[in-house]
Amino acid sequence: MLHRWLNDPEANELFGLATKSNHAPRFCPPRAVVFGVIHLYDRVQGAKVGMVLRRLRHRINQAMHASTEEAWQYPLTIGMSATIGQPGQFWQQLSGEKYVQEIVPTAEDLGQAVGRDYYLFLRPCSWSRGKRVGDASAAIQTIMTIAHNMVRRAGDEDEPARYRSLIFQDSIGKIKKLTLEYRDAETNRFLARHRFQDTAGDLESASFQDGETWYFDLHDPEQFSCRRKDPSKPVSLTSAEVPVFSGTGRMANHALQQDIIFATTSLEVGYDDPSIQFVLQHHAPKSPASFVQKKGRAGRSPNDRPITAVTLSRHSYRDAFYYQRPAMLYDPAEYVPPLNVENYFVQRFQILALIFDELVRLTNRSQLRGDFATLDDHFASIEKDLAR
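This write-up is about the structure you can find in this document. Since this is a predicted model, take the numbers as computed values, not measurements. (Residues numbered from 1 in each chain as written. Predicted model: local features only at pLDDT ≥ 70, side-chain atom pairs only at ≥ 80, totals over all residues. Heavy atoms only, no water.)

## Concerning the overall build of the protein chain
The helix and strand tally for the protein chain stands at 14 helices and nine strands. Its C-alpha atoms give the protein chain a radius of gyration of 27 Å, clearly above 21 Å, the size a compact globule of 388 residues would have. Principal-axis analysis of the C-alpha atoms gives the protein chain an extent of 90 × 55 × 40 Å. Expressed as a percentage of its 388 residues, the buried residues of the protein chain come to 44%. Relative to all contacts within the protein chain whose residues are 6 or more apart in sequence, the contacts with residues 24 or more apart total 68%. (Helix = DSSP H or I, 4+ residues; strand = E, 2+ residues; numbered from the N terminus. Rg over C-alpha atoms; globule rule 2.2 N^0.38 Å. Buried < 20%, exposed > 50% of the residue type's maximum accessible area, 1.4 Å probe, protein only. Contact = heavy atoms within 4.5 Å.)

## Some points on the packing of helix H2 (residues 43-66) against helix H3 (residues 87-95)
Two packed helices can be described by the angle between their axes and the distance between those axes. The contact between H2 and H3 brings their axes to 7 Å, and the two run at 70°. In terms of orientation, H2 lies roughly perpendicular with respect to H3. Across the interface between the two elements, Gly46, Gly50, Leu53, Arg54 and Arg57 from H2 touch Trp91, Gln93, Leu94 and Ser95 from H3. Residues of the contact of H2 with H3, tallied by class, amount to three nonpolar, four polar and two charged. (Axes fitted to C-alpha atoms, helices over the stretch in contact; angles between N-to-C directions. Parallel < 35°, antiparallel > 145°, perpendicular 65-115°, else oblique. Nonpolar A, V, L, I, M, F, W, Y, C, P; charged D, E, K, R; others polar.)

## Overview of the nonpolar core
Grouped together as the largest cluster of nonpolar side chains are 23 residues, with contacts concentrated most on Ile143, Ile167, Leu178, Tyr182, Ile260, Phe262 and Phe278. Listing elements by their share of this core, those giving two or more residues are helix H5 (135-149), helix H6 (172-188), strand E7 (260-263), strand E8 (276-282) and strand E9 (307-311). Of all the elements, H5 adds the most residues to this core, at six residues. When residues no more than four places from it in sequence are discounted, the contact partners of Ile260 are Ile143, Ala147, Ser165, Ile167, Tyr182, Leu237, Thr238, Ser239 and Ala240. If you look at the next biggest cluster of nonpolar residues, it comprises 20 residues, including Phe35, Leu53, Leu56 and Trp91. (Core = buried A, V, L, I, M, F, W, Y, C linked by side-chain atoms within 4.5 Å.)

## Side note on the packing of aromatic side chains
Summed over the entire model, instances satisfying the criterion amount to 13 aromatic pairs. Ring plane angle 75° and centroid distance 6.2 Å describe the contact between Phe35 and Tyr41, whose orientation is recorded as edge-to-face. Like Phe35, the residue Tyr41 is buried in the burial classification. An aromatic cluster of at least three residues, connected via ring pairs, comprises Phe35, Tyr41 and Trp91. (Phe/Tyr/Trp six-rings, centres within 6.5 Å; stacked < 30°, edge-to-face > 60°.)

## Here we look at the sheet that holds strand E3 (residues 118-122)
Within a beta sheet, neighbouring strands are joined by backbone hydrogen bonds and run either parallel or antiparallel to one another. If you trace the five strands from one edge of the open sheet to the other, you get E3-E9-E8-E6-E7, paired in parallel fashion. In the strand order of this sheet, the two ends are held by E3 and E7, each with one partner. With direction set aside, neighbouring strand axes in the sheet form an average angle of 15°. Here five bridges tie strand E6 (residues 164-168) to E8, and the two strands are oriented parallel to one another. The residue of E8 that forms the bridge with Leu166 is Val279. Each of E6, E7 and E8 is contacted by H6, which is oriented at about 160° to E7, the strand it contacts most. (Pairing = 2+ DSSP bridges.)

## Side note on helix H10 (residues 288-295)
The buried fraction of H10 is high, at eight of eight residues. Regarding H10, the residues found buried are Pro288, Ala289, Ser290, Phe291, Val292, Gln293, Lys294 and Lys295. Here the buried face of H10 lies against E3, E6, E8, E9, helix H11 (317-324) and helix H12 (327-330).

## Notes on the pattern of salt bridges
Tallied over the full model, the rule gives 20 salt bridges. Across the salt bridge formed by Lys294 and Asp170, the nearest N and O atoms sit 2.5 Å from each other. Pair noted here: Lys294 is in helix H10 and Asp170 is in the loop between E6 and H6, with a separation of 124 residues, a long-range link. Classification of Lys294 by relative accessible area gives buried; the value is 1%. Among the salt bridges present, the one from Arg365 reaches Asp385, with a minimum N-O distance of 2.8 Å. With Arg365 in the loop between helix H13 (344-363) and helix H14 (375-387) and Asp385 in helix H14, the pair connects residues that are 20 residues apart, well separated along the chain. Given a relative accessible area of 35%, Arg365 falls into the partly exposed group. A relative accessible area of 4% places Asp385 in the buried class. Among the charged side chains, a salt-bridge network with shared partners connects Asp42, Arg43 and Lys286. (Salt bridge = Lys/Arg side-chain N within 4 Å of Asp/Glu carboxyl O.)

## Description of the pairing of E6
Walk down a regular strand and you will see the side chains alternate between the two sheet faces. In terms of burial, E6 is largely enclosed, as five of its five residues are buried. Summarising the sheet, E6 and E7 pair through four bridges and their orientation is parallel. Along E7, the bridge assignment pairs Ile167 with Phe262.

Shape is all these values report; function is a separate question.
Now the structure itself:
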């Protein structure tokens, strides 16, 4: 959107420029530009964002210099992140600012640590009892085991309910498949019922010790879910037929009301549901910063005890890397997103975009739009404006 505004003469007033010649600007140039969650801007996409940010700074600089009432000459650019190491150095590289001041909270600002997180990193065996174990099968059984046996409580006047689970997979195709397979196993066939064997309170029994019996969901009368409102026997947990992703549309609201929510990175940032107590990442995340954002969807209250699980494959080098180095995900204090704003192909496109930016600023006319009879007429119009 910012790229479009820079090439739209009608948006000039947003940057403190006049949209018509011999007219004063309606607004003063913005003095501050704030970029949130800057750790998401990495790799080629981050290089593009960094160059767009430079074009934005240039546009605001020109507006400030052109204004006779503006004392500022340069805008203040602010980048925010709570999940990367060396944030000042990264922001300097991303924004192109020469001087950067890093602001970090002190120990007094943070206060005393409260709450507790639980992490599980799981990688299934290739074979079990003479059969191949698939990654999706391991993920489904992990979801069932934790979602059924974690503490799930109804809300009251002071506290919201705490019972939901949020399942992430970065691939839209894979999360769709996992959603349908889990729904078939849990909702349609309720395979979890085979684990509810009454051991008469004998936690030393062989079936309980082997994980074949789920004692807590069976004997805890206060367990809560969408279908389990009153003390009763365990019931199947609900889930939607489709996951939440960019193309879910109106069905997203229905999916977000279920016990188990499947989603892509679309719910990674900005989604706040206090009822979520368990987050699972199926396969390695895109980056440690992405994982920190995802696990932060659970345990929004200091009194929560959120559970975060990661199911990793034996057939992926990225999964193997994080399985051997789990601290890279749950405590990425030194993680710096990979970024190369000097990418040749990105710079080549952005230089061309800057030329059209300047034509919009100087002529109040966009060369990307227009009623031209031929392509040669369009080129002639651009050459005329460049000559001016």
